[in-house]
Amino acid sequence: MSSVSPSPTSAAPVGSSGQPDPNGPSNTNPLISSQVALYLYTFLVTLVVLFALSAAIIARSCVLRRRHRQRMEEAVRRGTYVPSIPQKWKLGTKPAVHDVHLGRREEKNDTSLWSWHEIMVRTLTWTT
């Protein structure tokens with residue numbers, strides 16, 4: 001029986017005191033970490049700007065709604081409020097849709113089949 005202890009498989013960076021370096025390996029590239037920090041700060045600033053913009057839009061809508069409500073209440077108190085009449089749109093008759101093929105029909109046994117490259121869409125409008 002031999003008393004051989006297993007050797008460590010990973011070599012952690014060792015500082016001057018003999019303990020593992022808590023900052024990680026000393027050969028890290030500072031350029032990569034600065035780029036990561038730049039992307040992180042850019043992302044966070046973008047989030048803050050978007051949050052501020054959405055908060056400003058919501059606050060503006062609340063203020064405008066409150067002002068409108070106050071104007072309506074004041075008009076009702078003075079007796080000058082005229083309720084709006086819902087406007088009914090007068091629509092014309094619905095257009096009739098017809099399927100028509102304008103083109104030369106080749107002699108085929110099946111007359112219901114047309115290829116897509118033979119179809120050309122056209123519109124007609126009846127004006128009086």
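Described below are features of the structure shown in this document. (Residues numbered from 1 in each chain as written. Predicted model: local features only at pLDDT ≥ 70, side-chain atom pairs only at ≥ 80, totals over all residues. Heavy atoms only, no water.)

### Points about the overall build of the protein chain
Applied cut-off: Think of it this way: any DSSP run of H or I at least four residues long counts as a helix, any run of E at least two long counts as a strand, and we number them from the N terminus. Method for areas: the Shrake-Rupley scheme with a 1.4 Å probe, in which residue coverage is limited to the protein chains shown.
A tally of helices and strands in the protein chain yields one helix and zero strands. Approximately 13700 Å² of the protein chain is accessible, and the part contributed by carbon and sulfur atoms is 61%.

### Notes on a nonpolar patch on the surface
Which entries qualify depends on this criterion: By definition, no residue in a patch forms a salt bridge, and every one has over 30% relative accessible area; like charges are joined within 9 Å, nonpolar side chains (Val, Leu, Ile, Met, Phe, Trp, Tyr) within 5 Å. One speaks of a salt bridge when a side-chain nitrogen belonging to Lys or Arg is within 4 Å of a carboxyl oxygen belonging to Asp or Glu.
Where nonpolar side chains cluster on the molecular surface, the patch consists of Leu 40, Tyr 41, Phe 43, Leu 44 and Leu 47 and spans about 520 Å² of accessible area. One can find Phe 43 in helix α1 (residues 30-78).

### Some points on the pattern of salt bridges
Where we set the bar: For each residue, the accessible area found with a 1.4 Å probe, counting protein chains only, is set against the maximum for its type, and the residue is called buried under 20%, exposed over 50%, and partly exposed in between.
Under the counting rule described, the total for this entry stands at three salt bridges. The closest approach of N and O atoms between Arg 77 and Glu 74, which form a salt bridge, is 2.7 Å. In this pair, Arg 77 and Glu 74 both sit in helix α1, three residues apart, roughly one turn of the helix. On the accessibility criterion, Arg 77 (60% relative accessible area) is exposed. Two residues, Arg 78 and Glu 74, come together in a salt bridge whose shortest N-O distance is 3.6 Å. Taken together, the positions of Arg 78 and Glu 74, both in helix α1 and four residues apart, correspond to about one turn of that helix.

### Some thoughts on α1
For the record, the criterion: Given a helix with a known number of residues, its expected span is that number minus one, times 1.5 Å.
Between its first and last C-alpha atoms α1 spans 71 Å; for 49 residues at 1.5 Å apiece the expected length is 72 Å, and the two agree. In the segment just after α1, Gly 79 is the residue with positive phi, at about 85°.

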